[in-house]
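# Structural overview
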Amino acid sequence: MNVEKLVRRQELFSRRGGTDFRDGFLLGNGDLCALACVPAHLEWVFNKVDVFDPTTEEVLLKKILPHEEFLGRISSMEPKNTLFLDEVENVPHKGKRHKDTISAGILRLRFWRGCGWNAPGIPLVTRRLSLFDGLLEEEVRFQNLEAKILSFIPRGTDLFCMRVTEKGHPERPHVLEVVRPWNVLLPEMQWVKKEENTLAFTQSLPGGKEFYALAVRIVPRGGGSSVTGFETAFHGTEMVQNGDFDLFLSVKSSLGDADPLENALREVSFAAEKGFPHWKRKNQTFWHTYWDNAYADFGKYREIQKYYTFGLYEIACIYGKAPMPGLNGMSYGPLDERNPGLSSQGYTHDQNAQIPSLAFFPSNRVKFIEVVADTYLAGMDLLKKHTKELFGCDGIFLPLTVNQRMMEYPTRSYRYTICGSAYTGTILAMAWKYSRDRNLLEKKLYPLLREFAVFYQHLFRPGPDGRLHLDWSVPPEIFTLTRDELATTSLFKNVLETVIEAARLLKKDEKLLKEWEELLDRYPPIPMTPSGAFWCGPDIPLDHYFFGGHILYPAFPAEICSDKKALKKTIELVETDAVERSFADFGGRFHMNHDWSAFLLTEAYLRAGERKKGWEGVLRFLELFAKENGLFSHDPILIGDVAESEKNERNNIEKIQRGRRDCWGKVLRYSDPGTPHPPCVTPNADAKRYAPAVQEGSSAFLFLASELLLQSHGGVLRLFPGVPEDFTGGFSRFLAQGGFEVSSRMEKGVITSLQVRALAGGSVKVSGRHLPAFRLNLRKGEVWNGTFGS
């Protein structure tokens, strides 16, 4: 497989103007990121993992009921739900319960002075983003102007590098503007240096205790001039320069740096000293090494190839240093009346914070899980203290939503979705199952898995059936209480099995190990419907509304149930009754209303062996959520005839209104505010461009695309389980559970080759289409090669 050739073919290309950060091209090094866009001028919006709002609404935190008091309040309540918390845990407060993202800065470049009545014809800007080189190349053309701009963000720095080269006309002014994005929460920035081609400011963050600094250094080149002047407005400074130049920009935060201003100035000075070619080589060295790893060839299916490749590119752009990215990944920007969109900076632990990490494992980029683990390890003391205050026990409870410092965002009636530690623990358990890296297990994974297990064991209480049962909580997205809630018990069983294995292997926590083994022996069964489908919980009425994605958890991501019959029954229930289905589609089809739900249903098809539905689900995922710039939206967007979509909704209303009831027992109607049916069909051809991106979409697609080619749960390597009959393509160095690196090729539906390398040693079964199943027993480091077919 010629990986370089394949990746180079996936470069992003655009000649479209009038763009903003929502359809910008992403650059990043796992710490500092930029979204490059072309409103008319050239613009880069800068985001940094440690530039965020570190505050929370403390007055609301003080209103949270401790667990025992909560249990006392609901003991005689019928029906039992958490909606009373919206009143009990509310109090007047000044700020938002969930804090908005903060972009660190904006850099603008234009090749003309006039911006009002004397503005020139807007130039044509051609943009090429090389995913293989991590390099953005932009060409600007209008009358008597031909300029080229290169930009990138090298790994291991807080540095953005740009080179501007203009053909002829050295007298032309280049107008550069450095802007602190408008933000009502922030006080005025402080300009601290404007001299010798250098500009810098500091900006206080909400709460007043933390700040960040941004510094810019311009290096004239090839006869170009120095900066001829600075002109400052409230939140920006304009510089004018003539001729070719290089530019270096650095962002440092007090949340990760002892002296942000001094070190930002030092970094741009050092960058100028080393020179642009040095940083370009450093950047390309990282990216070329990064691509020398697992990759896939999807043959003629170019759209899958494009978004699969971009998914790999994105995780390298945004994962490199704790804290890990939040809901939008690093693809966010200034939010105001002109740029609406998602803005929550923190982590939502019912799945949004966990789905992004799934992409690390089959793609053989497990090292990125260290960023996730480091994020939680850094907040461990605060989390343990908060757990003790709320639940009166040791261990770590991950609240439904937190900021990057692990401070809770109060969510009142929704906060009793307590699967956060179990879901995050499941992701960490997957890291161990795929990598079998003992050092990773001991240093990064086990310390968190241990605390999660300690917390949950205190919430299991003996029942009359001799089993232990989980306390009252609510399933994700609904507010009716149940014991043995499905998501939490399914995910935590995976964690419990893994922490037991780890404690035995590492010879740790002998006393706890015995307690965990007893809990596993007396673990409650999976809640089921009478027809044999997974269900939200034993206390949830069978006619209650539910979100389909969440009831699939026992099969995936928890992987505690391999019963395909039960999974197919659950899929059938989701297809006929899930509340998040929409028929505002073309051709009478339905789709899921959120990317995470479409992901989980498609993965369920693949795990159930429903190859055709799984393949179609992957293509539909692209149709519904993919954006032109490689990113994905949270809700579906379909470009088409609104009248047709409204007709489809009317014609299929009986498929949605099926007598499902809410938490008060009231029949839920399609028109009720609580029924999720976001308007997804629009005649606006630009609608996808202006939808804000969420990172879970990219990683979900990357995981789905990988599982089309290889699945490895349950100790079996399943080769090409989700591709069409005539598929030609392959994959190289995919990581499989058990610590196996797997490469394989298929030609016109026939598997022709297979290579398996054991990273840890062990036994694994191999199966594939038209291929007799067989078992491999490999020592650590051993490689098995086989060829098949004609």
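The structure this text deals with has already been given above.
In short, a report on the structure. (Residues numbered from 1 in each chain as written. Predicted model: local features only at pLDDT ≥ 70, side-chain atom pairs only at ≥ 80, totals over all residues. Heavy atoms only, no water.)

## Side note on the packing of aromatic side chains
On inspection of all chains with the given rule, the structure shows 55 aromatic pairs. Between phenylalanine 391 and phenylalanine 455 the ring centres are 5.0 Å apart and the planes differ by 75°, which places this aromatic pair in the edge-to-face class. One end of the pair, phenylalanine 391, is in helix 9 (residues 380–391); the other, phenylalanine 455, is in helix 11 (residues 438–457), with 64 residues separating them in the sequence. Each member of the pair phenylalanine 391 and phenylalanine 455 is classed as buried. Their ring planes at 35° and their centres at 6.2 Å tell us that phenylalanine 547 and tryptophan 596 sit as a pair that is tilted. Here phenylalanine 547, found in the loop between helix 13 (510–521) and helix 14 (564–577), pairs with tryptophan 596, found in helix 15 (residues 595–607); they are 49 residues apart in sequence, far enough to count as distant. (Phe/Tyr/Trp six-rings, centres within 6.5 Å; stacked < 30°, edge-to-face > 60°. Helix = DSSP H or I, 4+ residues; strand = E, 2+ residues; numbered from the N terminus. Buried < 20%, exposed > 50% of the residue type's maximum accessible area, 1.4 Å probe, protein only.)

## Details of the sheet that holds strand 8 (residues 145–152)
Spatially, the nine strands line up as an open sheet ordered 1-6-7-8-9-16-13-12-11, and their pairing is antiparallel. For this open sheet the edge positions go to strand 1 (12–14) and strand 11 (190–195), each flanked by a neighbour on one side alone. Adjacent strand axes in the sheet meet at a mean angle of 10°, parallel and antiparallel pairs treated alike. Pairing geometry for strand 7 (residues 135–142) and strand 8, over seven bridges, is antiparallel. Looking at the pairing, valine 140 lines up with alanine 147 of strand 8. The strands touched by helix 5 (residues 260–274) are strand 9 (159–166), strand 11, strand 12 (198–204), strand 13 (211–220) and strand 16 (245–253); relative to strand 16, the strand with the most contacts, the crossing angle is about 155°. (Pairing = 2+ DSSP bridges. Axes fitted to C-alpha atoms, helices over the stretch in contact; angles between N-to-C directions. Contact = heavy atoms within 4.5 Å.)

## A look at the environment of leucine 390
Tracing the backbone shows leucine 390 in helix 9. Classification of leucine 390 by relative accessible area gives buried; the value is 9%. The sequence separation of leucine 390 and glutamate 69 amounts to 321 residues, and the corresponding C-alpha distance is 9.6 Å. Residue contacts for leucine 390: discarding those within four places in its chain leaves Ile64, Leu65, Pro66, His67, Phe397 and Glu408.

## Description of the sheet that holds strand 28 (residues 729–736)
Backbone-to-backbone hydrogen bonds pair the strands of a sheet. The strands run either parallel or antiparallel. Across the sheet, five strands lie side by side as 17-28-29-30-33; this open sheet has antiparallel pairing. Strand pairing shows two members of the sheet lacking a second neighbour, strand 17 (295–297) and strand 33 (783–787), which therefore form its edges. Across the sheet, the mean angle from the axis of one strand to that of its neighbour is 15°, orientation sign disregarded. In terms of strand pairing, strand 28 meets strand 29 (residues 740–747) through six bridges, oriented antiparallel. Note that in strand 29 the partner of alanine 736 across the bridge is phenylalanine 740.

## Comments concerning the pattern of salt bridges
Taken as a whole, this structure holds 63 salt bridges when the rule is applied. Residues lysine 99 and glutamate 57 are paired through a salt bridge, measuring 2.5 Å at the closest nitrogen-oxygen approach. A residue pair is termed long-range when its members are at least 10 positions apart, and lysine 99 in the loop between helix 4 (85–88) and strand 5 (105–110) and glutamate 57 in the loop between strand 4 (42–48) and helix 2 (58–61) qualify at 42 residues. Accessibility assignment for this pair places lysine 99 and glutamate 57 in one class, buried. Among the salt bridges present, the one from glutamate 603 reaches arginine 607, with a minimum N-O distance of 2.8 Å. With glutamate 603 and arginine 607 both in helix 15, this residue pair falls four residues apart, about one helical turn. With a relative accessible area of 0%, glutamate 603 lands in the buried category. Several salt bridges share partner residues, and in doing so they unite Asp31, Lys48, Asp50, Asp158, Lys252, Glu267 and Lys321 into one network. (Salt bridge = Lys/Arg side-chain N within 4 Å of Asp/Glu carboxyl O.)

## Remarks on the pairing of strand 9
For strand 9, a buried count of seven out of eight residues is recorded, marking the element as mostly surrounded by other parts of the structure. Between the antiparallel neighbours strand 8 and strand 9 lie six residues, among them glycine 156 with a positive phi of about 75°. Direction of pairing for strand 9 relative to strand 16: antiparallel, over a ladder of six bridges. Within strand 16, the position partnered with phenylalanine 160 by the bridge is leucine 249.

## Concerning the packing of helix 11 against helix 12 (residues 486–506)
At a minimum axis separation of 9 Å, helix 11 and helix 12 run at an interaxial angle of 130°. The angle between helix 11 and helix 12 falls in the class oblique. Two packed elements cross with a definite hand, and for helix 11 against helix 12 that hand is left-handed. Residue-level contacts link Arg438, Leu441, Glu442, Tyr446, Leu449, Arg450, Phe452, Ala453 and Tyr456 of helix 11 to Thr488, Phe492, Val495, Thr498, Val499, Ala502, Ala503, Leu505 and Leu506 of helix 12. A per-class count over the contact of helix 11 with helix 12 returns 13 nonpolar, two polar and three charged. (Parallel < 35°, antiparallel > 145°, perpendicular 65-115°, else oblique. Left-handed = near helix turned anticlockwise from the far one by under 90°. Nonpolar A, V, L, I, M, F, W, Y, C, P; charged D, E, K, R; others polar.)

## Considerations on unusual backbone geometry
Between alanine 322 and proline 323 the backbone carries a cis peptide bond, its omega angle lying at 5°. Among the secondary structure elements, proline 323 is positioned in the loop between helix 7 (302–318) and strand 18 (347–348). With omega at 10°, the peptide bond leading from phenylalanine 556 into proline 557 counts as cis. Residues other than glycine seldom take positive phi values, yet asparagine 364 does so here, at roughly 60°. One non-glycine residue, aspartate 484, adopts positive backbone phi at about 50°. Along the chain, aspartate 484 turns up in the loop between strand 21 (468–470) and helix 12.

## Some thoughts on helix 12
Taking 1.5 Å per residue, 21 residues should reach 30 Å; helix 12 reaches 30 Å between its end C-alpha atoms and fits that length. Where helix 12 begins, one side-chain oxygen reaches toward the backbone nitrogen of alanine 487, 2.7 Å away; that side chain belongs to glutamate 485. Of the residues one or two after helix 12, lysine 507 is the one with positive phi, at around 55°. (Expected span 1.5 Å × (residues − 1). Polar contact = N/O pair within 3.5 Å; in protein donor to acceptor, adjacent residues only side chain to side chain.)

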